[in-house]
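# Chain and residue survey
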Amino acid sequence: MAERLQKLIAQAGMASRRQAEDWIAEGRVSVNGHVAVVGEKADPTRDVIEVDGRQILGTEKKITILLNKPRGYISTLSDPQGRRLVTDLIADIPERLYPVGRLDFNTEGLLLLTNDGELSLRLTHPRHHVSKTYLVKVQGTLSSAMAARLSRGVVIDGYKTAPAKVDHIRSAGTSCWFELTIREGKNRQVRKMCESVGLSVVRLKRIRIDFLDLGDLAIGKYRFLSEPEIQRLKQ
């Protein structure tokens, strides 16, 4: 049965439908040797569909892992600067997995990787408001007024962030630790939110996505999500 190419690419776990449509517009997708166009359909049972010369396989086994990302790794599949990739930490997994969202170079903690396009879209699309909790260490003290501003939403990059949740504030010498829960995923959002109230982030670690947490998983290690966990994330 013929389906739109962006749907087939998403089902293969390579990207969200939106990203796949961009790839088609950029000329990176081909069908039976010709460059595809936006809106084109294909049948994966008889057509050869390729992205950047790599054939997509709609029947590939769906896998999702939870990684405790260390600092000093980037959440992409390649890097022109030659920095370490999160996929280096899962090199023993034969399936090609893609990060669900990103953690920047100096941010550590919970990162999901999957080849399940449906799950990736469910967790990253803004309309689903999936919660993400970070353990934040800042230089200085988070005052009650600052916490209230973060909770209400602050203006960064010309837009106001959605209401957030601030928990478990504790001081440690000249620094302060707290948990910040957001339901958005803008670039460097937590760092920018803290900067907007006059605080500089010293350390940042994502400790929870929705109901998933790191548990006792060691830094740099990963575990496979169970089928019940995956289904719960998709609900």
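Refer to the preceding data block for the structure.
A brief structural summary. (Residues numbered from 1 in each chain as written. Predicted model: local features only at pLDDT ≥ 70, side-chain atom pairs only at ≥ 80, totals over all residues. Heavy atoms only, no water.)

## Looking at the overall build of the protein chain
Stated precisely, the cut-off is as follows: The numbering of helices and of strands both runs from the N terminus, where a helix is a DSSP run of H or I of at least 4 residues and a strand a run of E of at least 2. The buried label applies to any residue whose accessible area, calculated with a 1.4 Å probe on protein chains only, is under 20% of its type's maximum; exposed applies above 50%, and partly exposed to all values in between. Here, two residues are considered to be in contact whenever any of their heavy atoms come within 4.5 Å of each other. Asp and Glu are treated as the negative residues and Lys and Arg as the positive ones, with His and the ends of the chain left uncounted. Positions of charges follow a simple convention, taking NZ of Lys, CZ of Arg, CG of Asp or CD of Glu.
In terms of helices and strands, the protein chain carries six helices and 17 strands. Seen through its C-alpha atoms, the protein chain measures out along the principal axes to roughly 65 × 40 × 40 Å. Out of the 235 residues in the protein chain, the part that is buried amounts to 47%. Counting contacts in the protein chain only where the partners sit at least 6 residues apart, residues at least 24 apart contribute 63% of the total. Charge-centre separation for the protein chain: the mean point of 38 positive side chains lies 7 Å from the mean point of 28 negative side chains.

## Description of the side chain of S75
To keep it simple, the criterion reads: Residues adjacent in sequence count toward polar contacts only when both atoms are side-chain atoms; beyond that, a polar contact is any pair of N or O atoms within 3.5 Å, and within protein one must be able to donate a hydrogen and the other to accept it.
Looking at the element boundaries, S75 is found in the loop between β7 (64-69) and β8 (98-99). Among the polar contacts listed, one links the side chain of S75 to the backbone oxygen of L103, at a separation of 2.9 Å. Apart from the residues within four sequence positions on either side, S75 is in contact with K69, V86, P99, R102, L103 and L111.

## What about the pattern of salt bridges?
Note the threshold: In the sections that follow, a salt bridge refers to a side-chain nitrogen of Lys or Arg positioned within 4 Å of a carboxyl oxygen of Asp or Glu.
Under the criterion given, the structure shown has 13 salt bridges. With a shortest N-O distance of 2.6 Å, R28 and D52 are connected by a salt bridge. With R28 in the loop between α2 (17-25) and β2 (29-31) and D52 in the loop between β5 (49-51) and β6 (54-55), this residue pair connects regions lying 24 residues apart in the sequence. Between D157 and K192 there is a salt bridge whose closest N-O contact spans 2.7 Å. With D157 in the loop between β11 (155-156) and β12 (159-160) and K192 in helix α5 (residues 189-196), the pair connects residues that are 35 residues apart, well separated along the chain. Classification of D157 as exposed rests on a relative accessible area of 60%. Here the salt bridges share partners, and the residues they tie into one network are E26, R28 and D52.

## Points about the environment of Y98
Mapped onto the elements of the fold, Y98 is located in strand β8. Separated by 22 residues in sequence, Y98 and S120 have C-alpha atoms that sit 8.8 Å apart. What Y98 contacts, discounting residues up to four positions off in sequence, is G13, M14, R54, L77, L112, L113 and T114. A polar contact of 3.3 Å, which involves the side chain of Y98, links it to the side chain of R54.

## Structural notes on the nonpolar core
This is how it is decided: Take the buried residues of types Ala, Val, Leu, Ile, Met, Phe, Trp, Tyr and Cys, join any two whose side-chain atoms come within 4.5 Å, and each joined set is a nonpolar core.
V136, L142, F178 and L180 are the most contacted members of the largest nonpolar core, which totals 34 residues. Counting residues per element, the ones that place at least two in this core are β7, β9 (108-114), β10 (132-139), α4 (144-152), β14 (175-182), α5 and β15 (200-209). For this core, the element with the highest residue contribution is β14, accounting for four residues. The residues touching V136, leaving out its near neighbours within four places in the chain, are C176, W177, F178, L180, V190, C194, V201, R203 and L204. Counting residues in hydrophobic clusters, the runner-up holds 17 residues, among them L8, I24, V29 and V51.

## So, α2
Inclusion rule: The reported arc concerns the directions from the helix axis to the C-beta atoms and nothing else.
Turning to α2, its buried residues are A20, W23 and I24. Down the axis of α2, the sector holding all buried residues measures 100°, keeping them to one side. Facing away from the buried surface of α2 by more than 90 degrees, the exposed residues are R18 and A25. Phi turns positive one or two residues past the end of α2, at G27, with a value near 80°.

## Looking at the pairing of β7
So the rule is basically this: A pair of strands counts as paired when DSSP detects no fewer than two bridges linking them.
The buried fraction of β7 is high, at six of six residues. Alternating positions in β7 separate into two faces, T64, L66 and N68 on one and I65, L67 and K69 on the other, with burial throughout. Note: β7 against β9, six bridges, orientation antiparallel. Bridged to N68 within β9 is L110. As judged from the three bridges shared by β7 and strand β17 (residues 222-224), these two strands associate in the antiparallel manner. Within β17, the residue paired with L67 across the bridge is Y222.

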